[in-house]
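Structure assessment
Each chain, written out:
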Amino acid sequence: MKHRQRKTAPIKNYSIEHITYLKKQKKKSIVITFSRIGLLLIFLLLWELLARFEVIDSFISSSPSRMAACFVELVKGGDLAKHVGITLWETVASFFIATTLGTLIAVLLWWFESVRRVLEPYIVILNALPKIALGPIIIIWMGTDQPAIITMALAISLFVTILNTLSGFLSVEKSKLMLMQTLGASKWQTLTKLVLPSNVPNIIDALKINVGMCWVGTIMGEYLVSHAGLGYLIIYGGQIFKLDLVMTSTVILCFLAGAMYYLVALLQKFVSKKLNIE
Amino acid sequence: MNTILQMQKVCLTYHTTKNETEAIKDLSVECYEGELLGIVGPSGCGKTTILSLLSGILTPSSGQVFIDGKRADPHSGLTGYMLQKDELLPWRSILSNVLIGLEIKKRKTQQKVEYAQELLKKYNLYEFKDFYPNQLSGGMKQRVALIRTLVLEPKLLLLDEPFSALDFQTRLNVVEDVYSILRSEGKSAVFVTHDISEAISMCDRVVILSNRPSTVKEVVDLSPLKGYTPLRRRELPMFSEYFDKIWSNMQTTKEKRSNETQAT
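Residues numbered from 1 in each chain as written. Chains lettered and ligands numbered in written order. Predicted model: local features only at pLDDT ≥ 70, side-chain atom pairs only at ≥ 80, totals over all residues. Heavy atoms only, no water.

Moving on, we get to the overall build of chain A. Scanning chain A from N- to C-terminus turns up 12 helices and zero strands. Going from the N terminus to the C terminus, chain A shows its helices and strands as α-α-α-α-α-α-α-α-α-α-α-α. For a compact globule of 278 residues, the expected C-alpha radius of gyration is about 19 Å, and chain A comes in at 25 Å, more than 25% above that figure. Taken over 278 residues, chain A has a buried fraction of 38%. Of the contacts formed within chain A by residues at least 6 apart in sequence, a portion of 73% connects residues at least 24 apart. Of the accessible surface of chain A, which amounts to about 17100 Å², a share of 70% is contributed by carbon and sulfur atoms. Of the side-chain charges in chain A, 27 are positive and 15 negative, and the distance between the mean point of each set is 18 Å. (Helix = DSSP H or I, 4+ residues; strand = E, 2+ residues; numbered from the N terminus. Rg over C-alpha atoms; globule rule 2.2 N^0.38 Å. Buried < 20%, exposed > 50% of the residue type's maximum accessible area, 1.4 Å probe, protein only. Contact = heavy atoms within 4.5 Å. Areas by Shrake-Rupley, 256 points an atom, 1.4 Å probe, with all protein chains shown as cover. Lys, Arg positive; Asp, Glu negative; His and termini not counted. Charge placed at Lys NZ, Arg CZ, Asp CG, Glu CD.)

Listed below in structure tokens is the structure:
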């Protein structure tokens, strides 16, 4: 019987043409990395210079050096750790609750078709509703503390999770479902051996969206009710017209959100490799 | 010879909210032990439906289907279904794909795993057991799919155009492989296809179906071809005779339909 060549184990001795190609590609990626960093540096430099020479008013636009001073002040006062900690905790908590609960509800809706058909319009409407409108209700029901903030974050992220995950569950290939049928698989087996594993990429994509959603929800919640956290710092800084504080907090927020997204992307890479998904 | 499969006056009607469609009408077919039975018919005549009935996924509207004397049931383990495409799960290794049926039927014992490995060895796939489906060629994947079916040791194999997704050259080779595997394992099989030459090259007997609602139009006995492999069969003069016979039979099916449409 004939064998195809194995597609693993790359050949080591490339042609000269291929080596030139690889070099070109490598050069290109180096240029891109430097351009990325360069863009940021030029932006900061320009900002700083314009503020220094009073082309822009650093009272309302702040400046990199003022932000650095503000950052040092926050760290020294011990405030930064507290505010970052609180916001991070709220975000991570709502992220985990939204993901677990959302996936669980999606599984239930997949399992019970009639329930799904009954609830579908409600979920779609709740998803379409601008959640900030729920602000007053949330404050009255959940109080003016962390539970209210987490509820707000959940309101924003939960329905998206449910809808995305469910649509992934429902789009499993018909022929694969047929395979499970012909093997006599139970519903539970179909779920655990086919639907869930084939939806891992979908669920991870939902995680990526959720990271963003939970940050939106947390900051929005902190705008509404909080006494601490980065969202609080931004609102407070705005109220006392201390733009250095607003800008510094925003930059910290950028880093945190980016880092969390990066973690999820790492997880995706790891799981994809483990499950052999491209 | 023992009958492994009996379809008695089977009818099946599909229901949707808009329509009801009579797919199969008074279909009576038998398959004997160790026989490769081909079912050919014009496209859309409900060939896949017949296999679903045989596997027990669908229940006939009237009439009866018996496999080895028992009513068709997907949990009985008497039938093994091979689909059009390999349907290997990309996140499972080849060995793990082969074992999925045993896992589902909760029959994954050491002995069965060894049997699976033996089959993989026998059909030159053992060295790929830890590979993933995307690392294998189409023909190899289709053979893995066959082994996944064989591991369950079904009495009757149901093949639903299992070569249609392959390119022509791979196809000829895989037909040859599948034929020799089925013969060496001494399996009975029902092989559904729209490809006449494929049916002639593999089967012992071919049932020709009519247009919808499908029923048996004619049965062609291919026993003179027995003992020849698919590729050898294609070289025989008899091959084209059988081809013409089945072809003209299917043509009259079509003409009848066009006459009918003209009349209405």
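This part is about the sheet that holds strand β9 (residues 205-209) of chain B. All names here are of chain B. If you walk across this open sheet you meet the six strands as β6-β7-β8-β3-β9-β10, and the pairing is mixed. The open sheet has two free edges, formed respectively by β6 (79-82) and β10 (216-221), since each of these has just one partner strand. Pairs of neighbouring strands in the sheet enclose a mean axial angle of 20°, with direction left out of account. One ladder, built from five bridges, connects strand β3 (residues 36-40) with strand β8 (residues 188-193); its direction is parallel. (Pairing = 2+ DSSP bridges. Axes fitted to C-alpha atoms, helices over the stretch in contact; angles between N-to-C directions.)

The next thing to look at is the nonpolar core. Residues B:L5, B:M7, B:L54, B:V190, B:M202 and B:I246 are the most contacted members of the largest nonpolar core, which totals 110 residues. Apart from residues lying up to four places away in sequence, B:L5 is in contact with B:V29, B:E30, B:C31, B:L54, B:V65, B:F66, B:I67, B:L156 and B:V190. (Core = buried A, V, L, I, M, F, W, Y, C linked by side-chain atoms within 4.5 Å.)

All right, on to the pairing of β6(B) then. All names here are of chain B. Burial of β6 is two-sided: the residues T79 and Y81 facing one way and the residues G80 and M82 facing the other way are all buried. In this sheet, strand β7 (residues 156-160) lies alongside β6 in parallel orientation, the contact comprising four bridges. Considered in β7, the bridge of T79 is made with L156.

It is worth spelling out the interface of chain A and chain B at this point. Between chain A and chain B, the residue contacts involve 27 residues of the former and 36 residues of the latter. There are two salt bridges connecting chain A and chain B. The closest approach of N and O atoms between A:K176 and B:E87, which form a salt bridge, is 3.0 Å. Here chain A is connected to chain B by six residue pairs in polar contact (both at pLDDT 80 or more). Elements represented by at least two residues in the side of chain A that touches chain B include exactly α8 (174-182), α9 (187-198) and α12 (243-275) of chain A. If one sorts the elements of the side of chain A that touches chain B by residue count, α8(A) sits on top with seven residues. (Salt bridge = Lys/Arg side-chain N within 4 Å of Asp/Glu carboxyl O. Polar contact = N/O pair within 3.5 Å; in protein donor to acceptor, adjacent residues only side chain to side chain.)

Residues and elements named next belong to chain B. Helix α6 (residues 168-184) packs onto helix α5 (residues 138-150) with a crossing angle of 20° between their chain directions and a minimal axis gap of 10 Å. Classed by the angle they form, the pair α5 and α6 counts as roughly parallel. Taken as a pair, α5 and α6 cross one another with a handedness that is right-handed. Facing G139, Q142, R143, L146 and L150 of α5, the residues of α6 in contact are T170, V174, D177, V178 and I181. Of the residues assigned to the contact of α5 with α6, the class counts are five nonpolar, three polar and two charged. (Parallel < 35°, antiparallel > 145°, perpendicular 65-115°, else oblique. Left-handed = near helix turned anticlockwise from the far one by under 90°. Nonpolar A, V, L, I, M, F, W, Y, C, P; charged D, E, K, R; others polar.)

What follows deals with the packing of helix α4 (residues 79-111) of chain A against helix α7 (residues 146-170) of chain A. All names here are of chain A. Relative to each other, α4 and α7 sit at 35°, their axes nearing to 7 Å. For the element pair α4 and α7, the recorded crossing hand is right-handed. Within the contact of α4 with α7, the residues separate by chemical class into 20 nonpolar, eight polar and one charged.

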